[in-house]
Amino acid sequence: MRSVFAMTTVVACTLAVTPAASQQPTADQLFQEGVRLFQRGETRTACERFAASYKLDAAPGTLYDLAACHEKDGKLWQARLEFLDLGERAANLGKQDKVQIARDRVRAIETRLPKLVLRFPASSNVASITLDGAVVAQGAWSAPLPVDDGTHTVQFAATGKASQTAQVEVHGEAQQATVPVPVLADEVPAAAAPPSTATPLPPAPEAAPAEAPHGSSKRTTGFVVGAAGIAALGAGTFFGIQALSQKSDADGACGGQGSTCPDAAHASAAQSKLDDARTSGLVSTVALGVGIAAVGIGAYLIFTGGPSSSEAPRAAIGVTPTGAFLAGRF
């Protein structure tokens, strides 16, 4: 029994709560509630209901009541805009009677709105005026401009002139504030960059190609060649001594100089030694000649100088069994 009772209670509560939670008020319900609140004098809450209803269903009748509610709540500027919108919609639908009603309400509200009065000087050159960002038609400049209560921004402009802006405050129903219209000055063009008066620096002189130090290069070459010459002289002396030794061995192979070899074997050995002696003598002669020449060239480069060069001269002495040689660049 307890389980059945509990289940019955839950179902009953669900049926009672679910429709109320899921059902949203319709545009008509919001409108009717707004009417009741308006009649009770709860103007601000009534305007909220009318606005919510108009958001769901933009009916002209709801817009009229919303504008009338805002007018009674003191939001004259908002009410004026809504009546103007209502007049345009009625005109589009061809309902002239509704258009006239909306225009009458707009004029009635404008008599209560604060206004701005533009005061033009005789030499005025203003070509366009904007009020809070909206362009004011030139035909409306001479009449007081209805505005909302508070601070407003008025901007004056003309082609080729520097625009000016004014901040104006107006408070209270039917109050007026005068706005002096300025005479705009010519627009100052952007200043061009002044010509440079700095004296240009002269072009940097071209760097002269680096030259090798003549004296040092010549002396170095002289020392190298001279040293090679000395080495050649030493080699010539060595081969000269070797040639004398080999000549002595050749003579001894047959029992001394001028002796007759006893057999062919001794004669062949003596001839071989003699050939070696001649080769060594030739190498000695050439090496001594090259050495003398190299020493002379080296001395010449050291003491008298030689041609300059960016690359250090090179010299080389070589000795082979068939002779000696001197090579290089001077």
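Residues numbered from 1 in each chain as written. Predicted model: local features only at pLDDT ≥ 70, side-chain atom pairs only at ≥ 80, totals over all residues. Heavy atoms only, no water.

Participant: In this structure, what is going on with the state of the cysteines? I would like to understand it.
Facilitator: What makes a disulfide is a covalent bond joining the sulfur atoms belonging to two cysteines. Following the criterion strictly, the structure yields 1 disulfide and no others. Covalent S-S linkage joins Cys47 and Cys69, the inter-sulfur distance amounting to 2.0 Å. On the S-S bond that ties Cys47 to Cys69, the torsion sits near -110 degrees, and the link is left-handed. Here Cys47 is found in helix α3 (residues 43-56), whereas its partner Cys69 is found in helix α4 (residues 60-72), with 22 residues between them in sequence. In terms of burial, Cys47 and Cys69 fall into one category: buried. (Disulfide = S-S within 2.5 Å. Helix = DSSP H or I, 4+ residues; strand = E, 2+ residues; numbered from the N terminus. Buried < 20%, exposed > 50% of the residue type's maximum accessible area, 1.4 Å probe, protein only.)

Participant: Even after reading the chapter, I still don't get the nonpolar core, so can you show me in this structure?
Facilitator: Nonpolar side chains in soluble globular proteins tend to end up buried together. With 18 residues, the main nonpolar core has Leu116, Leu118, Ile129, Leu131, Val154 and Phe156 as its most contacted residues. Within the residue set of this core, elements represented by two or more residues are β1 (115-119), β2 (128-131), β5 (150-157), β6 (164-170) and β7 (176-180). Among the nonpolar cores identified, the runner-up in size contains 11 residues, and Ala67, Leu76, Val106 and Leu113 belong to it. (Core = buried A, V, L, I, M, F, W, Y, C linked by side-chain atoms within 4.5 Å.)

Participant: Would you explain the confidence of the model for the chain in this entry?
Facilitator: Detailed conclusions should not be drawn from predicted coordinates in areas where pLDDT is low. On average, residues of the chain carry a pLDDT of 79, and 72% of them reach 70 or more. Predicted confidence for residues 1-18 stays below pLDDT 50, and this span has 1 contact to residues more than four positions away or in other chains. Here residues 307-313 scores under 50 on pLDDT; set against residues more than four positions off or in separate chains, the count is 13 contacts. (pLDDT = per-residue confidence, 0-100. Contact = heavy atoms within 4.5 Å.)

Participant: What's the story with the packing of aromatic side chains in this structure? I'm lost.
Facilitator: A ring pair, where both rings are aromatic, is described by two values, the distance of the centres and the angle of the planes. Scanning the model with the defined rule gives 3 aromatic pairs in all. Ring geometry for Phe31 and Phe50: centres 5.5 Å apart, planes at 55 degrees, overall tilted. Placement of Phe31 in helix α2 (residues 27-39) and of Phe50 in helix α3 is noted, with a sequence separation of 19 residues between them. Accessibility expressed as a relative area gives 18% for Phe31, which makes it buried. (Phe/Tyr/Trp six-rings, centres within 6.5 Å; stacked < 30°, edge-to-face > 60°.)

Participant: Could you clarify how one ought to interpret the pairing of β7 in this entry?
Facilitator: Remember that side chains alternate between the two faces of the sheet whenever the strand is regular. Judged by which residues are buried, β7 turns out to be one-sided: Ala177 and Val179 face inward and are buried, whereas Gln176, Thr178 and Pro180, on the alternate face, are not. Bridge count between β1 and β7: 5 bridges; the pairing is parallel. When the sheet's bridge partners are listed, Leu116 is paired in β7 with Ala177. (Pairing = 2+ DSSP bridges.)

Participant: Can you walk me through the pattern of salt bridges in this structure?
Facilitator: A side chain of one charge can pair with a side chain of the opposite charge when the charged atoms of the two come close. The full count for this structure, using the stated rule, is 11 salt bridges. Among the salt bridges present, the one from Glu71 reaches Arg105, with a minimum N-O distance of 2.6 Å. Taken together, the residues Glu71 in helix α4 and Arg105 in helix α6 (residues 96-110) connect sequence positions 34 residues apart. The partly exposed category is assigned to Arg105, whose relative accessible area is 23%. Glu173 is paired through a salt bridge with Arg112; the nearest N and O atoms lie 2.9 Å apart. With Glu173 in the loop between β6 and β7 and Arg112 in the loop between α6 and β1, this pair connects stretches of sequence that are 61 residues apart. Using a relative accessible area of 27% as the deciding quantity, one classes Arg112 as partly exposed. Here the salt bridges do not stand alone but share partners, grouping Glu71, Arg105, Arg112 and Glu173 into one network. (Salt bridge = Lys/Arg side-chain N within 4 Å of Asp/Glu carboxyl O.)

Participant: So what exactly am I meant to see when it comes to the layout of surface pockets here?
Facilitator: By rolling a water-sized probe across the atoms, one finds the places where empty space is left. Of the pockets and cavities examined, the largest pocket occupies roughly 300 Å³. Trp77, Leu131, Val136, Leu145 and Pro146 are the residues nearest the centre of the largest pocket, which is lined by 16 residues in total. Of all the secondary structure elements, the ones that give two or more residues to the lining of the largest pocket are α5 (76-93), β3 (134-135) and β4 (145-146). Here the residues of the lining of the largest pocket are counted per class, giving 12 nonpolar, 1 polar and 3 charged. Each pocket or cavity is described by its volume, and for the second largest pocket that value is around 180 Å³. What lines the second largest pocket is Pro60, Gly61, Tyr64, Leu86, Arg89, Ala90, Leu93, Lys95, Lys98, Ile101 and Ala102. Every element with two or more residues in the lining of the second largest pocket is listed here: α4, α5 and α6. In terms of residue count, α5 provides more of the lining of the second largest pocket than any other element does, 4 residues in total. The residue makeup of the lining of the second largest pocket, split by class, is 7 nonpolar, 1 polar and 3 charged. (1 Å grid on protein atoms, 1.4 Å probe; cavity = no way out; pocket = protein on both sides within 12 Å on 5 of 7 lines; lining within 4 Å. Points joined across faces, edges and corners; volume = space filled by probe spheres on them. Nonpolar A, V, L, I, M, F, W, Y, C, P; charged D, E, K, R; others polar.)

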